[in-house]
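Each chain is listed here by its residues.
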Amino acid sequence: MSKKTIAVLKGGRSLERNISLKSGARVEKALREMGYSVEGIDVDASLVKRLKELKPDAAFIAMHGRSGEDGTVQELMDILGIPYTGSDVLPSINCMDKVLSKHIFMENGVPTPPFFAFNRDAFQELGAVDTMPIIGDDLGFPIVVKPAAQGSALGIRFAHTGSELPAALISAFSFDNKVLLEKYVKGKELAVSILGKEPRALPVVEVRPKTDFFDFESRYTMGKADYLAPAEIPDDVAAQASELSLRVFKTLGCSGFGRVDIMLGEDGSLQVLEINTIPGFTETSLLPMAANATGISFNELVEEILLCALEG
Ligand SMILES: Nc1ncnc2c1ncn2[C@@H]1O[C@H](COP(=O)(O)OP(=O)(O)O)[C@@H](O)[C@H]1O
Ligand SMILES: [Mg+2]
């Protein structure tokens, strides 16, 4: 078999650029070790030109957040006819936008915390600020305020009282034109990674952040969060979480791999927060951890994701 050429797309201008550079570097190393011919591309305006010259057999998209995870790069790969890892354009668009995905969850009976969403115009032109007391009464405090399309917990704030809402909203609006206010779920934080051409759930990972929540710092600093892989939860709850994650992954039309973030409430309910169509591949990332917990090495993980694209 001739050696396949794989373009590893990484970096870009997203706020998660540095994480993506780390993810990309690890993926490149894995692919090289397995004998692929690898070209790492730090994505910029020359991307299309470089890909037209390189004519890779596939693109491994190791980008997170805007442009890389939201369907933009995927659309370009479709136009260029280059097979790529992970989900297609539409699921990428839908999963990147938490407001869109939560509406799809609800339409399909997937439990997700109650929420309200606004765009900037609602505040600037329609007086949305006066709905805050209604929202506070409805959701109760704390309220989790998030930008619709962001990752790595960037821009997320917890408002503990009504008086903290304005600052939380301003913070979220500095990341996106659309924000959501979501009911806080007290409980355990679970992540279910999905892998394969016939998608399967990897062991459930439990995150125990040492900070208030699983924020940017706790994610990417060694020792700032404890990870249990597999999670310390009853077998039937783990089975339910896996089944729910697979269902939501398929409902959104995702493929190849992904990670579903779930809260396990103190009442035992499972509530889906979001699907990440390109979860991290860094040293502290949850997908490689989940794979490792079931005996799949990092290289094997990378190769399985790639084969989904090459054989898709
Ligand atoms: N409704 C919620 N209740 C409790 N904690 C939450 C809630 N939403 C988010 N969080 C916390 O914020 C983190 C990031 O939220 P998430 O919706 O997964 O967005 P991101 O795309 O930034 O990962 C979660 O990992 C969790 O620690
Ligand atoms: Mg998340």
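Structural data are supplied above this passage.
The rules behind these values
- Residues numbered from 1 in each chain as written.
- Chains lettered and ligands numbered in written order.
- Predicted model: local features only at pLDDT ≥ 70, side-chain atom pairs only at ≥ 80, totals over all residues.
- Heavy atoms only, no water.
- Pairing = 2+ DSSP bridges.
- Helix = DSSP H or I, 4+ residues; strand = E, 2+ residues; numbered from the N terminus.
- Axes fitted to C-alpha atoms, helices over the stretch in contact; angles between N-to-C directions.
- Contact = heavy atoms within 4.5 Å.
- Donors = N, O, S within 2.8 Å, 3.2 Å for Na, K, Ca; no water.
- Buried < 20%, exposed > 50% of the residue type's maximum accessible area, 1.4 Å probe, protein only.
- Phe/Tyr/Trp six-rings, centres within 6.5 Å; stacked < 30°, edge-to-face > 60°.
- Lys NZ or Arg CZ within 6 Å of the ring centre and 35° of its normal.
- Salt bridge = Lys/Arg side-chain N within 4 Å of Asp/Glu carboxyl O.

Caption draft 1: Broad picture of the sheet that holds strand β2 (residues 37-42). Overall, parallel pairing links the three strands, which are arranged β2-β1-β3 in an open sheet. Every other strand in the sheet has two partners, leaving β2 and β3 (58-61) as the edge strands with one partner each. Across the sheet, the axes of successive neighbouring strands diverge by a mean angle of 25°, strand direction being ignored. Note: strand β1 (residues 5-10) against β2, six bridges, orientation parallel. Directly across from K10, in β2, lies its bridge partner D42. Packed onto the sheet, helix α2 (residues 47-54) meets β1 and β2 and runs at close to 165° relative to β2. Strands β1 and β3 of the sheet are contacted by helix α3 (residues 72-80), whose axis makes an angle of about 180° with β3.

Caption draft 2: Broad picture of the coordination of the magnesium ion (ligand 2). Coordination sphere of the magnesium ion (ligand 2), protein contribution only: D261 (OD) and E274 (OE), at 1.9 to 2.1 Å. A residue pair is termed long-range when its members are at least 10 positions apart, and D261 in strand β12 (residues 256-265) and E274 in strand β13 (residues 270-276) qualify at 13 residues. Exposure remark for E274: the relative accessible area of 11% places this residue in the buried category.

Caption draft 3: Molecular detail of the packing of aromatic side chains. Taken as a whole and assessed by the stated rule, the structure comprises eight aromatic pairs. With centroids separated by 4.6 Å and ring planes inclined at 40°, the aromatic side chains of F158 and F213 adopt a geometry described as tilted. Residue F158 is found in strand β6 (residues 157-159), and its partner F213 is found in the loop between β10 (205-209) and α9 (216-220); the two are separated by 55 residues along the sequence. Ring geometry for F257 versus F281: centroids 5.6 Å apart, planes at 45°, classification tilted. Separated by 24 residues along the polypeptide, F257 in strand β12 and F281 in the loop between β13 and α11 (286-293) bring together distant segments of the chain. Like F257, the residue F281 is buried in the burial classification. Clustering of aromatic rings is evident, with ring pairs tying together F60, F257, F281 and F298. Sitting above the plane of the F298 ring, R26 keeps its charged end 4.2 Å from the centroid.

Caption draft 4: Quick peek at the pattern of salt bridges. A full pass over the atoms with the stated rule returns 18 salt bridges. Of the charged contacts, one joins E217 and K224 as a salt bridge, the two residues approaching to 2.8 Å between their closest N and O atoms. Close ionic contact of D261 with R259 constitutes a salt bridge, the shortest N to O distance being 2.9 Å. Each of K188, E206, R208 and E232 takes part in a single network of salt bridges with overlapping partners.

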